Amino acid sequence: MDIEEAIRSRRAIKAYDTTHQLSREEKDELLQLAMLAPSAFNLQHVRLVEVSDPQLRQQIREAGWNQAQMTDAAMLVVVCAQVDSWEKNVRRVWDGTPQEVQDYMAGAIDNYYRDKPQVQRDEVMRSCGLMAQTLMLAARGKGLDSCPMDGFDFDAVGRLINLPDNHVIGLMVAVGKRTADPRPRVGKLPFDEVVIRDRF
C-alpha cells in the first residue's frame with residue numbers, strides 16, 4: 001500500500017477479529033518502523049510497552065472504560081515517554097558524532113529543557129504523538145487497522161505496567177484486523193478553516 005492510500009484509509013477502528021494473531025516478529029517489525037519517527041534533538045524519549053499478557057490486557061481494559069479493542073486487537077501498545085531523557089540520554093543519542101558536535105548539542109539541549117517542566121512534558125507528548133502516528137501508518141501499510149486511545153485511567157494503567165516515576169503515558173494504540181468497515185467520515189471541518197496562510 002502506498003503512503004497516500006495508507007493515510008487516506010487509516011481510521012480509528014473499534015471492532016477487531018479476535019482470531020487474528022500477529023507473530024512476535026510481525027509485532028517487532030511494526031515497532032521498529034515506529035521507532036523511525038522523529039524526536040526533538042534526537043532524544044528518542046518514547047518507550048513502547050507492547051502488552052501481550054492476556055490477563056494484563058484484561059486489567060488494562062477494566063481501567064479503560066471496557067473498550068473492547070484493548071483485548072480484542074492482535075496488538076496493544078502503551079506509548080510512554082521518559083521525561084528526563086534530555087538529561088539522562090544526551091550523550092548516548094549523539095554517540096558517534098564528533099566531540100564538538102556532542103558538546104554543542106549537550107549545551108543546546110540543557111539550555112532548552114533545564115528548569116522547564118512544561119517544555120519537558122510538552123516535548124515528550126509531541127514525540128508520543130509522532131511515534132503513535134508512525135505506528136498506525138506502518139500498520140495500515142501492511143493492511144492492518146488501528147485505534148489511538150486516551151480514554152483510560154492513566155494512573156491505573158501506569159501502575160499496571162510499572163511505569164517508572166520519570167515516565168509519562170501519552171496514549172495507547174491497538175493494532176489488528178477489523179471486523180467491519182468504518183462508518184463514513186463525518187464532521188470534517190472545511191480546508192479553508194483549518195489551513196491558515198501565513199497568519200491568523
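Residues numbered from 1 in each chain as written. Predicted model: local features only at pLDDT ≥ 70, side-chain atom pairs only at ≥ 80, totals over all residues. Heavy atoms only, no water.

- For the protein chain, the name recorded in an unreviewed UniProt entry is Nitroreductase, with Stutzerimonas balearica DSM 6083 as its organism.
- Looking at the protein chain in UniProt, the text filed under Sequence similarities (unreviewed entry) is "Belongs to the nitroreductase family." (UniProt positions renumbered as here; feature names shortened; annotations may be inferred.)

### Notes on the overall build of the protein chain
Item 1. For the protein chain, the helix and strand inventory stands at 10 helices and four strands.
Item 2. Counting from the amino terminus, helix and strand elements in the protein chain follow one another as α-α-β-α-α-β-α-α-α-α-β-α-β-α.
Item 3. With respect to the three principal axes, the spread of C-alpha positions in the protein chain is 55 × 45 × 30 Å.
Item 4. Relative to its 200 residues, the protein chain shows a buried fraction of 41%.
Item 5. Pairs at least 24 residues apart make up 79% of the contacts formed inside the protein chain by residues separated by at least 6 positions.
Item 6. For the protein chain, the computed accessible surface area is about 11,900 Å², with 50% contributed by carbon and sulfur atoms.
Item 7. Averaging the locations of the 26 positively and 30 negatively charged side chains of the protein chain gives two centres separated by 4 Å. (Helix = DSSP H or I, 4+ residues; strand = E, 2+ residues; numbered from the N terminus. Buried < 20%, exposed > 50% of the residue type's maximum accessible area, 1.4 Å probe, protein only. Contact = heavy atoms within 4.5 Å. Areas by Shrake-Rupley, 256 points an atom, 1.4 Å probe, with all protein chains shown as cover. Lys, Arg positive; Asp, Glu negative; His and termini not counted. Charge placed at Lys NZ, Arg CZ, Asp CG, Glu CD.)

### A short note on the packing of helix α2 (residues 24-34) against helix α8 (residues 117-141)
The angle between the axes and the distance between the axes are what describe a pair of packed helices.
Item 1. Remark: α2 packs on α8, axes separated minimally by 8 Å, with the N-to-C direction vectors making an angle of 135°. For the element pair α2 / α8, the angle class is oblique. Judged by the sense of rotation from one axis to the other, the crossing of α2 with α8 is right-handed. Here Leu30, Leu33 and Ala34 of α2 lie close against α8, whose contacting residues are Met131, Thr134, Leu135, Ala138 and Ala139.
Item 2. Of the residues in the contact of α2 with α8, the class split is seven nonpolar, one polar and no charged. (Axes fitted to C-alpha atoms, helices over the stretch in contact; angles between N-to-C directions. Parallel < 35°, antiparallel > 145°, perpendicular 65-115°, else oblique. Left-handed = near helix turned anticlockwise from the far one by under 90°. Nonpolar A, V, L, I, M, F, W, Y, C, P; charged D, E, K, R; others polar.)

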